[in-house]
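Observations on the three-dimensional arrangement
Chain by chain, the residues run as shown.
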Amino acid sequence: MNKLILFFLFVTGNMFAQSFSRYFCNYTASPVVVDGKAESAWNEAIFSSAFVDILSDSIKPPLNTTFKMLWDSTNLYLFATLEEPDVSGFLTNHDDIIYRDNDFELFIDPDGDGLNYYEIEVNSLNILLDLFLKKPYNKGGTADLSWDAKNIRSAVRIAGTLNNPEDKDSCWSVEMAIPWTSLNQTSPPVNSIWRMNFSRVEWDYQTETGEYVKQKGTDGKPLPEHNWVWSAQGKVNMHIPERWGFIHFVQQEIPRFWVWMGAYTSWSNQQWDSAFVSLQSVGITGVLMSANKEVLEKVIPIAAMHGIQVHAWFWTMNRGEAKPEWLSVNQLGESLASKKAYVDYYKFMCPALPAVKTFLKGKIEELATVKGLSGIHFDYIRYVDVILPEGLQPKYHLVQKDIMPEYDYGYHPYMRKRYAEKYGMDPLQLSDLSHDSTWLWFRLNELDSTVALLRHQVKSRGLISSSAVFPTPDMSRRMVRQNWNSWPLDYYFPMVYHNFYNQPISWIKEVIRQDKASVSAATKVFCGLYVPALKNNDDLTKAIDAVYQGGADGVAFFDYNSLDRSCLQQIRAAAVERGIIKE
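Here is a short report on the structure shown in this document.

Side note on the overall build of the protein chain
Scanning the protein chain from terminus to terminus reveals 10 helices and 22 strands. C-alpha extents for the protein chain along the principal axes are approximately 80 × 65 × 40 Å. Expressed as a percentage of its 583 residues, the buried residues of the protein chain come to 55%. The long-range share in the protein chain, meaning contacts at least 24 apart out of those at least 6 apart in sequence, stands at 71%. Side chains of the protein chain carry 56 positive and 67 negative charges; the gap between the two charge centres is 5 Å.

In structure tokens:
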């Protein structure tokens, strides 16, 4: 990308973030099988932001729609998922007016001048309408239906049954491979930008004599369709190309080097730009940022200019603003509202409480609406430490060889009530309260259900879900009541802080081997390193080597403030060695 384009994006980045959607379409070297299923190649792409109403991005549709895209030297690839409880489709001929059915549509303007653009529509029967316009309808354009997207491949898969009002469906998905040649284009240069938009037409149906029919108004005509889009148009008109979103064609894998980073609310745009230049120069292209919506909306467009993904770093169960009645209670009946556990800022909430779940969902929703956000990163998604890492115990004048009742949390009255409803007794009546496996797993499962709820919410917004977790699943269950390898998250960041456990750097390799073996092959594991403990000589280099010897997918550095010049030099050298940076 030339300097003029970079300057233009920097100056107008905030404007674009407010007005237009953006998507970073990643290059893939993996084969994409067009069958309507998201096979492994699609792990290289992230979902788009969720569709909004065509009139305004402040209007949220009742059904979720997102897409992913990839590209290679031959094709542009699309995978879209449309939530739909009643999948229907009736048109069966190529170039039928497909939007008279529920459909998915894409609009492509390669040079972004609002002229000579393409439209492709598809319904749940995988029937296509493809057309070309020299100019929009409102400027005198007419649709050229004789144009065909030659050699396009498409597939539809339905999670449910088509045209069957007797059951409830889940969704339908669309997958496409669109040859560049069908668009009279060659493969776009890396970092080029096209204007595109995506639309979903949804009709109101009712059931008559066992069939779907469109609902009608008092005039006897079908009710107007709903138009849900990726980038809001401001009018019920998809043919306003200057209001479409921006597709950036990048050659970037899922970030392999990450950093935890604070909000720095006083920073100017220039300071953020300088920070991201520094991170990108050493191969750090993923940032886990603890910031509110306002800061994220400011920062994300600047990070995007440097190919950096931003994930919101979200403190989950430990919340300083938690209401006293939500706070966790220990085995002795002491609430965190009145009794400190280790540090003053430990305000862990009871994960089972409906009010806590509602509170967390509200916080997640606020973050998830930030345009350009790539994911939500859960931290403190656990109970209070039952047993501290051995290296930290002296700091608190403790020797924790076994469970100490004052540090054994999860005894909120609501939690005990739920246990009693299921097992017929208050857990306080158990003979070996500290070690009873049923009570332990009950608490683990209560947290698991909260994680699943939040993960579903994040996924519905088309975002990546991840979590900072304790070193191994076994250690997590024993030390903080965290059963993380049972969670269906996309990425895990085990915090393998070797000095906390009085372990050598080589220990990192063994921990990561256990972690990789405990999750599915599609799940990414990024090893968290505690940088302040790796400042001697080339210790950081040795730690990164141990991470990769253990089979991790990458490294996360804690934290940005700890990255001095020596650290950055070692990270860059490691990035070059592993092909993350091309010299």
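From this point, the discussion proceeds with the structure in view.
Observations concerning the sheet that holds strand β19 (residues 464–469)
Strand order in the closed barrel formed by eight strands is β15-β16-β17-β18-β19-β20-β21-β22, and the pairing between neighbours is parallel. If you compare each strand with its neighbour and ignore which way they point, the axes differ by 25 degrees on average. Bridge analysis of strand β20 (residues 491–494) against strand β21 (residues 524–530) gives two bridges, and the strand direction is parallel. Note that in β21 the partner of Y491 across the bridge is K524. Across the sheet, helix α2 (residues 269–281) touches β15 (257–261) and β16 (284–289), and the angle it forms with β16 is around 130 degrees.

Side note on the environment of S266
One can find S266 in the loop between β15 and α2. Between the C-alpha atom of S266 and that of V295, which follows or precedes it by 29 residues, the distance is 9.8 Å.

Remarks on unusual backbone geometry
The step from F558 to D559 runs through a cis peptide bond, and the omega angle for that step is -10 degrees. With respect to the element layout, D559 can be found in the loop between β22 (554–558) and α10 (565–577). Although it is not a glycine, H397 adopts a positive phi angle of roughly 55 degrees. Taking the relative accessible area as the measure of exposure, H397 reaches 75% and is therefore exposed. One non-glycine residue, R481, lies in the positive phi region at around 55 degrees. Along the chain, R481 falls in the loop between α7 (473–480) and β20.

Focus: a nonpolar patch on the surface
There is a patch of nonpolar side chains on the surface, built from L55, I59 and V236 and spanning about 270 Å² of accessible area. Summarising the element assignment, L55 is placed in the loop between β2 (52–53) and β3 (65–71). Judged by relative accessible area, L55 falls into the partly exposed class, the value being 43%.

Notes on the nonpolar core
F104, F198, L529 and F557 are the most contacted members of the largest nonpolar core, which totals 169 residues. For F198, the contacting residues outside a window of four places in its chain are F51, F67, M69, L78, F104, E105, L106, W228, V229, W230, M238 and I247. Counting residues in each nonpolar core, the second largest holds 13 residues, with I54, I98, F107 and M238 among its members.

Focus on the packing of aromatic side chains
Throughout the structure, instances matching the rule amount to 57 aromatic pairs. Ring centres 6.1 Å apart and planes at 65 degrees place the aromatic pair W260 and F493 in the edge-to-face group. Here F493 lies in strand β20 and W260 lies in strand β15, a separation of 233 residues in the sequence. Across the pair, F493 and W260 agree in class, each one buried. In this arrangement the basic side chain of R22 is found over the ring face of F246, its NZ or CZ atom lying 4.8 Å from the centre. The lysine or arginine in question, R195, covers the ring of F246, its NZ or CZ lying 4.1 Å from the ring centre.

Remarks on the pattern of salt bridges
Under the defined criterion, the tally for this structure stands at 20 salt bridges. The salt bridge partner of R481 is D408, with a shortest N-O separation of 3.3 Å. One end of the pair, R481, is in the loop between α7 and β20; the other, D408, is in the loop between β18 (375–379) and α5 (413–423), and 73 residues separate them in sequence. Residue classification places D408 among the buried positions, given a relative accessible area of 0%.

Let's talk about the packing of helix α8 (residues 507–518) against helix α9 (residues 539–549)
Taken N-terminus to C-terminus, the directions of α8 and α9 make an angle of 30 degrees; their axes are 7 Å apart at the nearest point. Considering their axes alone, α8 and α9 lie roughly parallel with respect to each other. Relative to α9, the crossing made by α8 is right-handed. Between α8 and α9, the contacting residues are I508, K509, I512 and R513 on the first element and A543, A546, V547 and Q549 on the second.

Section: the side chain of R200
As for its placement among the helices and strands, R200 is situated in strand β10 (residues 193–202). Residue classification places R200 among the buried residues on the basis of a relative accessible area of 0%. At a separation of 3.2 Å, a polar atom in the side chain of R200 contacts the side chain of E202. Apart from the residues within four sequence positions on either side, R200 is in contact with F51, L63, N64, T65, L82, E83, E84, D103, H226, N227 and W228.

Examining the packing of α2 against helix α3 (residues 293–305)
Across the interface, α2 lies against α3 with an axial gap of 9 Å and an inter-helix angle of 45 degrees. The angle between the axes of α2 and α3 places the two elements in the oblique class. At the point where α2 passes α3, the crossing takes the right-handed sense. Along the contact surface, α2 presents N269, W272, D273 and F276, while α3 presents V295, K298, V299, I302, A303 and M305.

Concerning α3
Counted at 1.5 Å a residue, the expected span for α3 with its 13 residues is 18 Å, and the 19 Å between its end C-alpha atoms agrees. The largest bend in α3 comes to about 30 degrees, at V299, with the proline P301 one to four residues further on. Taken together, the buried positions of α3 are V295, L296, V299, I300, P301, I302, A303, A304 and M305. Two to three positions downstream of the cap, the backbone nitrogen of E294 sits 3.2 Å from a side-chain oxygen, assigning the N-cap of α3 to N292. Directly beyond the C-terminal end of α3, a positive phi value near 70 degrees is found at G307.

Re the environment of E334
Mapped onto the elements of the fold, E334 is located in the loop between β17 (309–315) and α4 (354–368). Taking the relative accessible area as the measure of exposure, E334 reaches 25% and is therefore partly exposed. Between the alpha carbons of E334 and L398 there is a distance of 19 Å; along the sequence they are 64 residues apart. Residues contacting E334, with those up to four places away along its chain left out, are S328, V329, K339, E406 and Y409.

Here is what the cut-offs are and how they apply
- Residues numbered from 1 in each chain as written.
- Predicted model: local features only at pLDDT ≥ 70, side-chain atom pairs only at ≥ 80, totals over all residues.
- Heavy atoms only, no water.
- Helix = DSSP H or I, 4+ residues; strand = E, 2+ residues; numbered from the N terminus.
- Buried < 20%, exposed > 50% of the residue type's maximum accessible area, 1.4 Å probe, protein only.
- Contact = heavy atoms within 4.5 Å.
- Lys, Arg positive; Asp, Glu negative; His and termini not counted.
- Charge placed at Lys NZ, Arg CZ, Asp CG, Glu CD.
- Pairing = 2+ DSSP bridges.
- Axes fitted to C-alpha atoms, helices over the stretch in contact; angles between N-to-C directions.
- Patch = residues over 30% accessible without salt bridge, like charges linked within 9 Å, V, L, I, M, F, W, Y side chains within 5 Å.
- Areas by Shrake-Rupley, 256 points an atom, 1.4 Å probe, with all protein chains shown as cover.
- Salt bridge = Lys/Arg side-chain N within 4 Å of Asp/Glu carboxyl O.
- Core = buried A, V, L, I, M, F, W, Y, C linked by side-chain atoms within 4.5 Å.
- Phe/Tyr/Trp six-rings, centres within 6.5 Å; stacked < 30°, edge-to-face > 60°.
- Lys NZ or Arg CZ within 6 Å of the ring centre and 35° of its normal.
- Parallel < 35°, antiparallel > 145°, perpendicular 65-115°, else oblique.
- Left-handed = near helix turned anticlockwise from the far one by under 90°.
- Polar contact = N/O pair within 3.5 Å; in protein donor to acceptor, adjacent residues only side chain to side chain.
- Expected span 1.5 Å × (residues − 1).
- Bend = angle between axes of the 7 residues up to and from the residue.

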